[in-house]
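Chain and residue survey
For reference, the chains in residue letters:
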Amino acid sequence: MTPTTTSSPDLLDIADPDQTHWITLLSHHSSVRIARRSMRHRLSGWPLPGELCADAVLLVSELATNAVLHTSSVRILCGIGIVAPGRLRVEVHDHDYSGQGLTRREPGPDDEGGRGLVLVEHLADSWGVDRSRLTSGNAVWATLSA
C-alpha cells in the first residue's frame, strides 16, 4: 500500500490549538475506543459536516488500531485538527523506532482484519507516513475534506 503522498504539509503540531485535539494513550486495544470517543466529542464542537466527522473518527480508529497491533509502542499519540476551512487532518504517532514503515496486507475475502489502510486510502484525500517529530517513531496521517 503506497501512501498518496510522502510529505506532511499540514502539521498539527503547529496548528491553532483551538482547532486541534490531542490525546496520549497506552498502546492497548481499549485505547482505540477511548480515542474514538475523545475525537468524536471534540469534533462535535466544531462546525463541520457530520459525514466528515464520522469519516475522521473512523480513520482515527483504524490508524490507532494499526499502531496498537503492529508496533511495539507503549504509548500512542492521536491528534485531529482543522487545517483549513472544511479540511481535517488526522494523525497517529507511535514510538516504533524500527523504521520499517507500513507493510502491505492483502486480506482474503473471509479475513476479519487487514483492511484499515484500504479504508484510509479510500476515505482520505491524501495520507502518508513520516518520522514523528513528537515521538521519533512513525506519524501516520491522513487529510479529509468536506
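In this report, the structure presented in the accompanying data block is examined. Quick caveat: nothing in here was measured; it's all calculated off a predicted structure.

**Some details on helix H1 (residues 29–44)**
When the terminal C-alpha atoms of H1 are compared, their 24 Å separation across 16 residues agrees well with the 22 Å that a helix rising 1.5 Å per residue should span. Three or more residues of H1 are buried, namely Ser 31, Val 32, Ala 35, Ser 38, Met 39 and Leu 43. All buried residues of H1 project into a common sector of 135 degrees when viewed along the axis, lining one side. The outward face of H1, more than 90 degrees from its buried face, is lined by the exposed residues His 41 and Ser 44.

**Looking at the nonpolar core**
Ranked by size, the top nonpolar core spans 32 residues in total, and within it Leu 43, Leu 48, Cys 78, Leu 88 and Val 120 carry the most contacts. At the level of elements, strand E1 (20–26), H1, helix H2 (50–70), strand E2 (75–84), strand E3 (87–93), helix H3 (116–123) and strand E5 (138–145) are the ones that each hand at least two residues to this core. Considering every element that reaches this core, the biggest residue donor is H2, with 10 residues. Among residues more than four places away in sequence, those in contact with Leu 88 are Leu 43, Trp 46, Leu 48, Leu 52, Ala 56, Gly 81, Ile 82, Val 83, Ala 142, Thr 143 and Leu 144.

**Let's talk about the packing of H1 against H2**
Axis angle and axis distance: for two packed helices, these are the angle between their axes and the distance between the axes, and together they describe the pair. Two elements in contact, H1 and H2, have axes whose closest approach is 9 Å; the angle formed by their N-to-C orientations is 155 degrees. Compared by their axis directions, H1 and H2 come out roughly antiparallel. For the pair H1 and H2, the crossing hand works out as right-handed. Here His 29, Val 32, Ala 35, Arg 36, Met 39, Arg 40 and Leu 43 of H1 come into contact with H2, specifically with Cys 53, Ala 56, Val 57, Val 60, Ser 61, Ala 64, Thr 65, Val 68 and Leu 69. Taken together, the residues of the contact of H1 with H2 sort by class into 11 nonpolar, three polar and two charged.

Parameters and conventions
- Residues numbered from 1 in each chain as written.
- Predicted model: local features only at pLDDT ≥ 70, side-chain atom pairs only at ≥ 80, totals over all residues.
- Heavy atoms only, no water.
- Helix = DSSP H or I, 4+ residues; strand = E, 2+ residues; numbered from the N terminus.
- Expected span 1.5 Å × (residues − 1).
- Buried < 20%, exposed > 50% of the residue type's maximum accessible area, 1.4 Å probe, protein only.
- Arc of directions from axis to C-beta.
- Core = buried A, V, L, I, M, F, W, Y, C linked by side-chain atoms within 4.5 Å.
- Contact = heavy atoms within 4.5 Å.
- Axes fitted to C-alpha atoms, helices over the stretch in contact; angles between N-to-C directions.
- Parallel < 35°, antiparallel > 145°, perpendicular 65-115°, else oblique.
- Left-handed = near helix turned anticlockwise from the far one by under 90°.
- Nonpolar A, V, L, I, M, F, W, Y, C, P; charged D, E, K, R; others polar.

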